[in-house]
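Chain by chain, the residues run as shown.
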Protein chains: 2
Amino acid sequence: MNARDYPRPSVSVDLVVLTIVDAQLRVLLVKRKIPPFKGSWALPGGFVRVGEGDDQGEDLDAAARRELQEETGLGPDRVFLEQLFTFGKAGRDPRMRVITVAYYALVRPDLAPLVRAGGDVSDAEWVEVSALEKMELAFDHRDIAQAALERVRGKLDYSDIAFELVPVTFTIPELRHVYAIVAGREVDPGNFRRRFNRMMENGVLEKAPGKRITVSKPATVYRFKRAS
Amino acid sequence: MNARDYPRPSVSVDLVVLTIVDAQLRVLLVKRKIPPFKGSWALPGGFVRVGEGDDQGEDLDAAARRELQEETGLGPDRVFLEQLFTFGKAGRDPRMRVITVAYYALVRPDLAPLVRAGGDVSDAEWVEVSALEKMELAFDHRDIAQAALERVRGKLDYSDIAFELVPVTFTIPELRHVYAIVAGREVDPGNFRRRFNRMMENGVLEKAPGKRITVSKPATVYRFKRAS
DNA sequence: ATAATAGTGTCTATTAGACAATATCCT
DNA sequence: AGGATATTGTCTAATAGACACTATTAT
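Predicted model, so just to flag it, every value in this text is computed and none were measured.

## Section: the packing of aromatic side chains
Applying the stated criterion across every chain, the model contains 18 aromatic pairs over all chains. Consider the rings of F85 of chain B and F87 of chain B, whose centres lie 5.2 Å apart with planes at 65°: the pair is edge-to-face. For F85 of chain B, a relative accessible area of 32% gives the class partly exposed. F87 of chain B gets classed as buried once you look at its relative accessible area, which sits at 15%. On the numbers, 5.1 Å between centres and 70° between planes, the contact of F196 of chain B with Y222 of chain B is edge-to-face. Taken together, the residues F196 of chain B in helix α4 (residues 189–201) and Y222 of chain B in strand β10 (residues 219–224) connect sequence positions 26 residues apart. The two residues F196 of chain B and Y222 of chain B agree in class, both being buried. In textbook terms, an aromatic cluster arises when at least three aromatic residues are bridged by ring pairs, as seen for F163, F170 and F224 of chain A.

Structure follows, in structure tokens:
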């Protein structure tokens, strides 16, 4: 018996798009305008395009980027995107067997306002992640979002993902706020500065011209060092 | 247009089954007896069973456990199994679009000899992971195996997975060998013992009766504390 | 007795965390 | 001048790593 003859599942990509706006970690939710769960909030996503014959269709990562573009208008540049986990429990979609490859994306806060609803979406909104627990999302999307949060919080301290949630130029206190907001607790300014300085010594960052004007003492502005 | 009408991919699970035998970290490879890549070494795996109509078929985890059982004879007990990553590049299977959800499994060394070939498999062998680089495996299975190794090595120091590669009762030096073999470098006996003692204080382990007889001073035997 | 390995102890370097103190800028 | 925040400095605790040393068993 040939594999071609087995029934096949549909495969989708779903996106947990995160950003920080108004000192809150937020996830992008869209309102579904087609069944099932019509009218419910859901993660942006859609089916992976699978070709027939010679053309086998698009890669998974490409499908994730395409959905991000289509449903939110966020272009492929400057958006961090990484595969999260694959959710494939039987029955998670009432219509038919759907296996979804979940991704999470990190959007710089200056790009967040540019998001607009598109595709099969009637509305898009940045929702505080703390509100997720009490919300009803379509399918198992709440579980997916929670998994993304765990991943991001877990990677915060041993990876560079915090830099994806800050504008291209940023101050040390701004970066510290990202850590505080994502981790959900205060971060000591002095201790954080030490950690930051150790990163600096590795040469991935450099000072940018100018100072950030705030209500008090302006802070030094940094940016990523250009690959030269 | 309904999602039902799009062409769908086949979805498989592939397993990176690891164990330690003869002081080597080894991965289980099977010889394919059907095309494509007939006669090549490959990871054990197979297609996820997807139902039609009301029955949506088996969960992804269940598919992984079933394939493990079918192709190797390893029962579901005492085998650690965790989803790794989903590989879905177009063209990775020459026949048709196949998206594979990769899992990795850790097998206690005392169970490793019980493995026997089954299913669509004519032979099964525990291959040293160091030999993988130079081997040609079917599909993108070498990439999948490498990803599993990275995951296991990365989790070694902040999780309990090392205990999955040791018999039910074990000595501190035996556990230390697991760390050394997986990490690929010597581990200081004294320093390791300190770390181990900290684990002990958390109460997940207890002394087991008897001593392990070796060529010199016998070592104390430990085991996991029964959930009581 | 000796070899071998289990097991203990010591020293140093690194890092996180709590927290005090100072510097600089806006109003 | 005063408030706020950036920035620097100090102290303690936890941990990893290198390495010397002692204990116990088989031969």
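## Overview of the interface of chain B and chain A
In many reports, interface size means the accessible area that the parts give up when they come together. The interface is formed by 34 residues belonging to chain B together with 34 residues belonging to chain A. Both faces combined, the contact of chain B with chain A buries some 3,000 Å², and carbon together with sulfur accounts for 56% of it. Counting the surface chain B buries against chain A, the share from its top three residues, R8, Q56 and R97 of chain B, is 23%. Summed over the shared surface of chain B and chain A, the number is 2 salt bridges. Residue K89 of chain A is joined to D59 of chain B by a salt bridge in which the shortest nitrogen-to-oxygen separation is 3.8 Å. Along the contact surface separating chain B from chain A lie 14 residue pairs in polar contact (both at pLDDT 80 or more). Listing elements by their share of the side of chain B that touches chain A, those giving two or more residues are β1 (10–21), β5 (79–87) and β6 (98–107) of chain B. With 4 residues, the top contributor of residues to the side of chain B that touches chain A is β5 of chain B.

## With respect to the relation of the copies chain B and chain A
Laying chain B over chain A is done by rotating through 180° and shifting 0.0 Å along the axis; what remains is an RMSD of 0.0 Å. The transformation just described matches what one would write down for a two-fold rotation axis. A shared interface surface links the copies, since 100% of the contact residues of chain B are contact residues in chain A too.

## Considerations on the sheet that holds strand β9 (residues 205–212) of chain A
All names here are of chain A. Reading across the sheet, the 3 strands line up as β8-β10-β9 and stay open at both edges, with antiparallel pairing between neighbours. Sheet topology places β8 (169–171) and β9 at the edges, where each strand pairs with a single neighbour. Across the sheet, the mean angle separating the axes of adjacent strands is 40° when strand polarity is ignored. Bridge analysis of β8 against strand β10 (residues 219–224) gives 3 bridges, and the strand direction is antiparallel. Following the sheet pairing, T169 is matched in β10 by R223. On top of the sheet, helix α3 (residues 172–183) reaches β8, β9 and β10; it is set at about 85° to β8, its chief contact.

## A look at the domain arrangement of chain A
All names here are of chain A. According to the domain assignment, chain A contains domain 1 (3–155) and domain 2 (167–224). For domain 1 and domain 2, the distance between their C-alpha centroids amounts to 30 Å. On the domain 2 side, the residues contacting the 10 residues of domain 1 number 6 residues. Between domain 1 and domain 2, the buried area comes to about 660 Å², and carbon and sulfur atoms account for 76% of it.

## As for the sheet that holds strand β9 (residues 205–212) of chain B
Hydrogen bonds along the backbone pair up the strands of a sheet, which may run parallel or antiparallel. Residues and elements named next belong to chain B. Strand order in the open sheet made by the 3 strands is β8-β10-β9, with antiparallel pairing throughout. Strands with a single pairing partner mark the edges of an open sheet, and in this sheet they are β8 (169–171) and β9. Adjacent strand axes in the sheet meet at a mean angle of 40° when their direction is disregarded. Against the sheet, helix α3 (residues 172–183) engages β8, β9 and β10, with an angle of about 85° to β8.

Cut-off values and rules
Residues numbered from 1 in each chain as written. Chains lettered and ligands numbered in written order. Predicted model: local features only at pLDDT ≥ 70, side-chain atom pairs only at ≥ 80, totals over all residues. Heavy atoms only, no water. Phe/Tyr/Trp six-rings, centres within 6.5 Å; stacked < 30°, edge-to-face > 60°. Buried < 20%, exposed > 50% of the residue type's maximum accessible area, 1.4 Å probe, protein only. Helix = DSSP H or I, 4+ residues; strand = E, 2+ residues; numbered from the N terminus. Contact = heavy atoms within 4.5 Å. Buried area = accessible area lost by both parts, 1.4 Å probe. Salt bridge = Lys/Arg side-chain N within 4 Å of Asp/Glu carboxyl O. Polar contact = N/O pair within 3.5 Å; in protein donor to acceptor, adjacent residues only side chain to side chain. Least-squares fit on C-alpha atoms with pLDDT ≥ 70 in both. Pairing = 2+ DSSP bridges. Axes fitted to C-alpha atoms, helices over the stretch in contact; angles between N-to-C directions. Domains from an automatic or database assignment.

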